[in-house]
Amino acid sequence: MAGEGSRLSRRAVLLAAGGVLAGCSSPRSTAGVTDLRLATGPAGAVYRRIGGALAAHISEQVPGTTVVTVPSGASTDNIQMLRAGEVHLGLTSLDALITADGSAPRGLSAICRLYDSHLHLVVMAGSKIEKFRDLQGKRISLGARDSGTEFTSLRLLRLGRVETDSRYLSQAESAAALRDGAIDAMFSLTGVPTPAITELAQRHAIRLIPMDAQADGLFTAFPGPYAPAMIPATAYTGVPATRTVAVPNVLLARDDLPAGLVYAITDTIFTHTRTITSASRDEAEAVPEAWQINVRTGIATASAPLHPGAAAWFRERKR
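As annotated in an unreviewed UniProt entry, the chain carries the name TAXI family TRAP transporter solute-binding subunit and comes from Nonomuraea maheshkhaliensis.

Below, the structure is given as structure tokens:
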């Protein structure tokens, strides 16, 4: 591998320059610059932060490529935009990507696994909600429409046969509504810590509801994308360690992106990981999830196939 501070490897540059489209759609190019669009997430979400960091990093490290971010509802919304050809790259949680038969939508493939999200169930400290079953009939934010939070929390509620007065709010909106008493609890499937919950916990006492039994239920009912996990006591002010469920997040690409270009993107993500997290002290604090990016777990995209360009990069690393 090239050194952390170096530009993209010569091989990756040549492959990016010589990439051939596999389909009829292509990135828009102007004056020799390839313009890519990366779907991220809503305000207050880790997707917005890490998507911006990746876009800036790829634009800087892959010659002739510029990546701009596109705000969205998150996972499901990003998948829809990718399939419609509105964006070239997008972030998604693995459970929202994999269909009931264990396959991924046609036309899309994974570049890599990035980091794992943890499902948060947040209430104010004085709430009467003590356990998952107490959500019955309560006003609950399930996240933004078409988000990974909506997908996973609805799946969890159906498994537990819990009916709620459901609201669909972004993470920032959910935190504000919880603070103001407009809702009783909020779900958030996101990295740890996440900005909206961090800011809420810094100003008001909150609690996280344990979901260890629910994690086991998801793991049994839908093998593959779920794993039991722990939100550490260091994550949020005054909140003890809490058991929950984790879901991997992947960076997706349309299948018709040139293999050479995707090879170059994969190469720069893993060769220059430290520059994503620590180009400056503030940036390292802003994108802590990027510390999870590594070659060993990056290839673990379950039944979601790797894009040929990404697969070629990982193959070379095994030699």
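1. Re the overall build of the chain
Regarding its fold elements, the chain presents 13 helices and eleven strands. Of all 319 residues assigned to the chain, the portion counted as buried reaches 53%. Contacts in the chain between residues at least 24 apart in sequence constitute 78% of all its contacts with a sequence separation of at least 6. Here the chain has roughly 13,600 Å² of accessible surface; of this, 53% comes from carbon and sulfur atoms.

2. Comments concerning unusual backbone geometry
Residues Val192 and Pro193 are joined by a peptide bond in cis, for which omega reads -5 degrees. Note that Pro193 resides in the loop between strand E8 (185–190) and helix H7 (195–203). The backbone of Arg161 sits at a positive phi, close to 55 degrees, despite the residue not being glycine. Locating Arg161 in the fold gives a position in the loop between helix H5 (148–160) and strand E7 (165–167). With a relative accessible area of 73%, Arg161 lands in the exposed category. Even without a glycine there, the phi angle at Ala302 is positive, about 55 degrees.

3. A short note on the pattern of salt bridges
Summed over all chains, the structure comprises ten salt bridges. Among the ionic pairs, Lys131 bridges to Asp134, the shortest N-O distance being 3.3 Å. Residue classification places Lys131 among the partly exposed positions, given a relative accessible area of 48%. Glu316 serves as the salt-bridge partner of Arg317, at 3.7 Å between the closest nitrogen and oxygen. A residue is classified by how much of its surface remains accessible, and Glu316, at 19% relative accessible area, is buried. Each of the salt bridges in this network shares a partner with another, and the network as a whole consists of Asp267, Glu316 and Arg317.

4. Notes on the pairing of strand E4 (residues 89–93)
It is a general feature of regular strands that their side chains alternate between the two faces of the sheet. Taken across its five residues, E4 has five buried, putting it largely inside the fold. Covered by surrounding structure in E4 are Leu89, Leu91 and Ser93 together with Gly90 and Thr92, the residues of both alternating faces. Here E4 pairs with strand E11 (residues 242–254) via five bridges, running antiparallel. In the sheet register, Gly90 faces E11, and the bridge partner there is Leu252.

5. Comments concerning helix H9 (residues 259–271)
The end-to-end C-alpha separation of H9 is 18 Å, in line with the 18 Å expected for 13 residues at 1.5 Å each. Along H9, twelve of the 13 residues are buried, which leaves the element largely enclosed by surrounding structure.

6. Topic: the packing of aromatic side chains
Applying the stated criterion across every chain, the model contains four aromatic pairs. Ring plane angle 65 degrees and centroid distance 5.5 Å describe the contact between Phe270 and Phe314, whose orientation is recorded as edge-to-face. Residue Phe270 is found in helix H9, and its partner Phe314 is found in helix H13 (residues 308–317); the two are separated by 44 residues along the sequence. Accessibility expressed as a relative area gives 3% for Phe314, which makes it buried. Judged by centre distance (5.2 Å) and plane angle (85 degrees), the rings of Trp313 and Phe314 are edge-to-face. The same class applies to Trp313 as to Phe314, namely buried.

7. Focus: the nonpolar core
Among the nonpolar cores identified, the biggest contains 32 residues, and Leu89, Ile111 and Leu251 are the most heavily contacted of them. Sorting the residues of this core by element identifies strand E2 (33–39), helix H2 (46–61), E4, strand E5 (108–124), E11, H9 and H13 as the ones contributing at least two each. Ranked by residues supplied to this core, first place goes to H9 with seven residues. In this view, Leu251 contacts Leu38, Leu89, Gly90, Leu91, Ser109, Ala110, Ile111, Cys112, Leu114 and Ile269; residues no more than four positions away in its chain are not counted. Counting residues in hydrophobic clusters, the runner-up holds 22 residues, among them Leu142, Leu189, Ala215 and Tyr226.

8. Brief notes about the side chain of Thr149
Among the structural elements, Thr149 can be located in helix H5. Note on Thr149: relative accessible area 5%, which makes it buried. Discounting chain neighbours no more than four positions away, the residues touching Thr149 are Leu142, Gly143, Phe187, Ser188 and Leu189.

9. Regarding H7
Along H7, the positions that sit buried rather than exposed are Pro195, Ala196, Ile197, Leu200 and Ala201. Contacts from the buried residues of H7 go to H2, E5, helix H6 (171–179), E8 and strand E9 (206–208).

10. Side note on the side chain of Thr244
Tracing the backbone through its elements, the reader meets Thr244 in strand E11. Here Thr244 is in contact with His118, Leu119, Met211, Ala215, Ala227, Pro228, Ala229 and Ile231, once residues within four sequence places are set aside.

Reading guide: rules and limits
Residues numbered from 1 in each chain as written. Predicted model: local features only at pLDDT ≥ 70, side-chain atom pairs only at ≥ 80, totals over all residues. Heavy atoms only, no water. Helix = DSSP H or I, 4+ residues; strand = E, 2+ residues; numbered from the N terminus. Buried < 20%, exposed > 50% of the residue type's maximum accessible area, 1.4 Å probe, protein only. Contact = heavy atoms within 4.5 Å. Areas by Shrake-Rupley, 256 points an atom, 1.4 Å probe, with all protein chains shown as cover. Salt bridge = Lys/Arg side-chain N within 4 Å of Asp/Glu carboxyl O. Pairing = 2+ DSSP bridges. Expected span 1.5 Å × (residues − 1). Phe/Tyr/Trp six-rings, centres within 6.5 Å; stacked < 30°, edge-to-face > 60°. Core = buried A, V, L, I, M, F, W, Y, C linked by side-chain atoms within 4.5 Å.

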